[in-house]
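Structural description and commentary
For reference, the chains in residue letters:
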Amino acid sequence: MSSKRPEHQAPPEVYYGEDEARKYTQNTRIIEVQEKCTERALELLALPPDISAMLLDLGCGSGLSGEAITENGHYWVGMDISPSMLDVALEREVEGDMLLGDIGTGVPFRPGMFDGAISISAIQWLCYADSATHRPAKRLYKLFMTLFASLSRGSRAVFQFYPENDAQVEMVVSQAMRAGFTGGLVVDFPNSTKAKKIYLVLMTGGAAPLPSGLQEEGAAGSTQALYQRRERMKQMRGSRQPKKAWIMQKKERRRKQGRDVRPNSKYTGRRRPERF
Amino acid sequence: MKLMTHNMLTSKGMKNVKEGFPLKIQAEEMRNVDIDYDRDFITRMIPKLDWKALVFAAQCVGHKEDLPDTLPEGYENDNELLKRLHHVLLEVEVVSGCLECPETQRKFPISNGIPNMLLNEDEV
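Treat the numbers as computed from the prediction; the structure is a model and nothing was measured.

Within chain B, the secondary structure is distributed over four helices and four strands. Sequence-ordered secondary structure for chain B, helices as α and strands as β, is α-β-α-α-α-β-β-β. Against the compact-globule benchmark of 14 Å for 124 residues, chain B has a radius of gyration of 15 Å, which places it among compact chains. Dimensions of chain B, computed from the C-alpha atoms along their principal axes, are close to 50 × 30 × 20 Å. Surface summary for chain B: the accessible area is close to 6000 Å², and the carbon and sulfur share equals 45%.

Given below as structure tokens:
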């Protein structure tokens, strides 16, 4: 079976034209996978119990994931770049409001609007440059930075995606960390080529322990908690002082989110003596 | 597009736009839908809303529906207001028309209820 990645064939708004959009959405295997992945993503969002949340669905496509969100009693707003996929979603009369847009240019919302965000098999598309002006890392960063601002304090974003290789995983994760998220990868069924699913679980609050990936009986678990790795690397490197400009920018970012931030003073970003 | 979504949406993706909020609505076709009333959800969303922008949007589409100009104290207990809010936020939809950025006057068309927020290369 020729398993050429869709991402190698065309940009998503071209690949998911009218025919492909319809075929995709009628494929029972795809419907089932999307539903399962959405359920798992909702679980990983760790929403407070018994509330209806306002969620953002990035790369909502034809609404398969959105329908699962609605089934679980939440409200959602979706974004997708393919008009054909959104047309199919309209035909299916999904409950969420949808926007036609490119998440690589950012998510255009006021700060703190969403209780969480999910994305099912979408962000691997951002790892490929579709035009001369696209720089994948920059687009990923724009997405994560604006998403961080759009999320309410303490909420999470969960991205189920299909990375082609380790370099892509590294790029996605590092841009997310740059944007201020903590978190890491959760891998379900790491030993099964067919069942293996990768979830990037991002948190806006302080670091919290990641759940372990699902596994078959007797298989070894494979959860990478990136914040743990970061701590170890910091210890190995010896803590290098962040530059003052970065500190000022981070404070400004957090102010924009509405957080309490200490006013700037002559002490901001000042080198602390050893053993501070 | 529901008015709830409009209350969250900005044109900030464009470079040189500071706030890009609220977007002006020029509605051509509107419709009403039926959504189950969820009192807890509405009560929880209210503090997140930009009330002035909501009233502005409701006026743009001719659905001000006795929404007060400012959010009254003790709104959690005003069932009448909550029901009206539910209607305005979730049941009133703009089917076609456009959204206009308050800073650049750039128009974002809405068709089939979906706003087209795609930016051109030179706007990013």
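Moving on from the coordinates now.
Our focus in this paragraph is the pairing of strand E3 (residues 107-111) of chain B. Regular strands show a simple pattern: their side chains alternate between the two faces of the sheet. All names here are of chain B. Residues Phe108 and Ile110 line the buried face of E3, whereas the alternating positions Lys107, Pro109 and Ser111 sit on a face that is not buried. Of the strand pairs in this sheet, strand E2 (residues 92-100) and E3 are connected by four bridges, and their pairing is antiparallel. Each residue of the ladder has a partner; that of glycine 97, found in E3, is isoleucine 110. Hairpin connection, E2 to E3: the antiparallel pair is bridged by six residues, and glutamine 105 has positive phi, about 60°. Of the strand pairs in this sheet, E3 and strand E4 (residues 114-115) are connected by two bridges, and their pairing is antiparallel. Directly across from isoleucine 110, in E4, lies its bridge partner proline 115.

Here we take up the nonpolar core. Most often, soluble globular proteins have nonpolar side chains that are buried together. Residues and elements named next belong to chain A. One finds Phe109, Phe144, Leu147 and Phe159 to be the most contacted residues of the largest nonpolar core, which totals 75 residues. Ignoring anything within four residues of it in the chain, the contact list for phenylalanine 144 reads Ile123, Phe159, Val172, Gln175, Ala176, Ala179, Phe181, Leu200 and Leu202. Membership of the second largest hydrophobic core comes to 25 residues, among which are Leu45, Ile69, Val158 and Val201.

Residue and element names in this part refer to chain A. With the rule as written, the count across this model stands at nine aromatic pairs over all chains. Both rings, one in phenylalanine 144 and one in phenylalanine 159, keep their centres 5.5 Å apart while their planes meet at 80°; by these two values the pair is edge-to-face. Of the two residues, phenylalanine 144 sits in helix H6 (residues 136-150) while phenylalanine 159 sits in strand E5 (residues 151-161), which places them 15 residues apart along the sequence. Taking relative accessible area as the criterion, phenylalanine 144 reaches 0% and is therefore assigned buried. A centroid spacing of 5.0 Å and a plane angle of 75° characterise the contact between phenylalanine 148 and phenylalanine 181, whose relative ring orientation is edge-to-face. Placement of the pair is phenylalanine 148 in helix H6 and phenylalanine 181 in the loop between helix H7 (166-178) and strand E6 (182-188), with a sequence separation of 33 residues. By the burial criterion, phenylalanine 148 is buried, and phenylalanine 181 matches it.

Looking now at the environment of Gly184(A). All names here are of chain A. By the secondary structure assignment, glycine 184 is in strand E6. Here glycine 184 falls in the buried class, since its relative accessible area comes to 0%. The spacing of glycine 184 and asparagine 264 is 80 residues in sequence and 31 Å in space, taken between C-alpha atoms.

Residues and elements named next belong to chain B. As summarised here, the arrangement of the four strands in space is E1-E2-E3-E4, forming an open sheet in which the pairing is antiparallel. Since the sheet does not close on itself, it has two edges, and those belong to strand E1 (24-32) and E4, each with one partner. Strand direction decides the pairing type here: E1 and E2, joined by eight bridges, are antiparallel. Paired with glutamine 26 across the strands is cysteine 98, a residue of E2.

Turning next to the side chain of Ser96(B). Residue and element names in this part refer to chain B. As for its position among the elements, serine 96 is in strand E2. Accessibility expressed as a relative area gives 16% for serine 96, which makes it buried. Other than its neighbours up to four places away in sequence, serine 96 contacts Gln26, Ala27, Glu28, Glu29 and Ile110.

Under the counting rule described, the total for this entry stands at 17 salt bridges over all chains. Arg44(B) is paired through a salt bridge with Asp115(A); the nearest N and O atoms lie 3.2 Å apart. Here Arg44(B), found in helix H2 (residues 39-45), pairs with Asp115(A), found in strand E4 (residues 114-120), and the two come from separate chains. Between Arg255(A) and Glu252(A) there is a salt bridge, with its nearest N and O atoms 3.1 Å apart. Of this pair, Arg255(A) and Glu252(A) both sit in helix H9 (residues 244-256), three residues apart, which is roughly one turn of the helix. Each member of the salt-bridge network shares a partner with another, and the members are Arg5(A), Glu7(A) and Glu164(A).

How each quantity is defined
- Residues numbered from 1 in each chain as written.
- Chains lettered and ligands numbered in written order.
- Predicted model: local features only at pLDDT ≥ 70, side-chain atom pairs only at ≥ 80, totals over all residues.
- Heavy atoms only, no water.
- Helix = DSSP H or I, 4+ residues; strand = E, 2+ residues; numbered from the N terminus.
- Rg over C-alpha atoms; globule rule 2.2 N^0.38 Å.
- Areas by Shrake-Rupley, 256 points an atom, 1.4 Å probe, with all protein chains shown as cover.
- Buried < 20%, exposed > 50% of the residue type's maximum accessible area, 1.4 Å probe, protein only.
- Pairing = 2+ DSSP bridges.
- Core = buried A, V, L, I, M, F, W, Y, C linked by side-chain atoms within 4.5 Å.
- Contact = heavy atoms within 4.5 Å.
- Phe/Tyr/Trp six-rings, centres within 6.5 Å; stacked < 30°, edge-to-face > 60°.
- Salt bridge = Lys/Arg side-chain N within 4 Å of Asp/Glu carboxyl O.

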